Amino acid sequence: MGQQSLIYSFVARGTLILSEYTDFTGNFTEIAHQCLQKLPATNNKFTYNCDGHTFNYLVEDGYTYCVVAVESIGRQVPIAFLERIKDDFTKKYGGGKAATATAKSLNKEFGAKLKEQMLYCVDHQEEISKLSKVKAQVTEVKGVMMENIVKVLDRGENIDILVDKTEDLRTQAQGFRENGEQLRRKMWWQNMKIKLIVLGIIFALILIIVLSVCGGFNCGN
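Residues numbered from 1 in each chain as written. Predicted model: local features only at pLDDT ≥ 70, side-chain atom pairs only at ≥ 80, totals over all residues. Heavy atoms only, no water.

### Details of the overall build of the chain
Quick reminder of the rule: Helix numbers and strand numbers start at the N terminus; a helix is a DSSP run of H or I with at least 4 residues, a strand a run of E with at least 2. For the exposure calls, accessible area comes from a 1.4 Å probe over protein chains only, and a residue counts as buried if that area is under 20% of its type's maximum, exposed if over 50%, partly exposed in between. Values of accessible area rely on a 1.4 Å probe in the Shrake-Rupley scheme; residue burial ignores everything except the protein chains shown.
For the chain, the count of helices and strands is 5 helices and 5 strands. Starting at the N terminus and ending at the C terminus, the chain contains elements arranged as α-β-β-α-β-β-β-α-α-α. Counting over 221 residues, the chain shows a buried share of 28%. Surface exposure of the chain reaches about 14900 Å², of which carbon and sulfur atoms provide 60%.

Below you can see the structure in the form of structure tokens.
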């Protein structure tokens, strides 16, 4: 069953195929190799359709994982296979001999793993479908959480701005209070001066009146 759905797979470093597996013959191998030569070097997933088959690629950290599948199987199973093969390959060869391995030199060691995972993924399509849905939900939740975090951070920046403005207002209010105190003291002194001047005038008037009265009645005699 697996061999009827996933028909060819390989792992490559750059454009150099290190390990491959298939039980079939056909031009799909040539097409897969031609697509490999044209793949962008950036980490990503790519799928091409040709002659009723899909050519699925996963590029990560300089290595390319490929599986050719019949188109009717969809994308979930091939992508799940690529993820599983990537994990297996990284665990077995990460930082090791894969970095210097020659063309197809890992066939004996890793070809059996390619076959094993091809059979497993096709024979467990329902399980893979459920896992893919859960993974999609987790990705969606993570996206929502990240969006909320960004909003909180933006809100935090706005809070900082508001705090700065509040601090400015508090400083301005403090300045107004200080200026108000100075103005109040200044006005108090001005009022006091006016009162003293008025009292002085009144006193002078009283003194003039008294002197005038005394002069008229010879107060000194």
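### Focus: the nonpolar core
Where we set the bar: Take the buried Ala, Val, Leu, Ile, Met, Phe, Trp, Tyr and Cys residues and link them wherever side-chain atoms come within 4.5 Å; each set so joined is a nonpolar core. Contacts are residue-level and defined by heavy atoms, with any inter-residue pair within 4.5 Å sufficient.
Of all hydrophobic cores here, the largest spans 28 residues; its most connected members are L6, Y65, F81 and F89. Breaking this core down by element, the ones donating at least two residues are β1 (6–13), β2 (16–22), β5 (63–70), α3 (76–93) and α4 (107–123). It is α3 that contributes the most residues to this core, 8 residues altogether. When residues no more than four places from it in sequence are discounted, the contact partners of Y65 are F10, V11, N56, Y57, L58, L82, I85, K86, F89 and T90.

### Topic: unusual backbone geometry
Phi is mostly negative for residues that are not glycine, and the peptide bonds are mostly trans. With a phi close to 50°, D51 is a non-glycine residue in the positive phi region. Mapped onto the fold, D51 is located in the loop between β3 (44–50) and β4 (53–60). Given a relative accessible area of 59%, D51 falls into the exposed group. A positive phi angle is found at D61, which is not glycine, with a value near 55°. Position of D61 relative to the elements: it lies in the loop between β4 and β5. The class of D61 is exposed, set by a relative accessible area of 58%.

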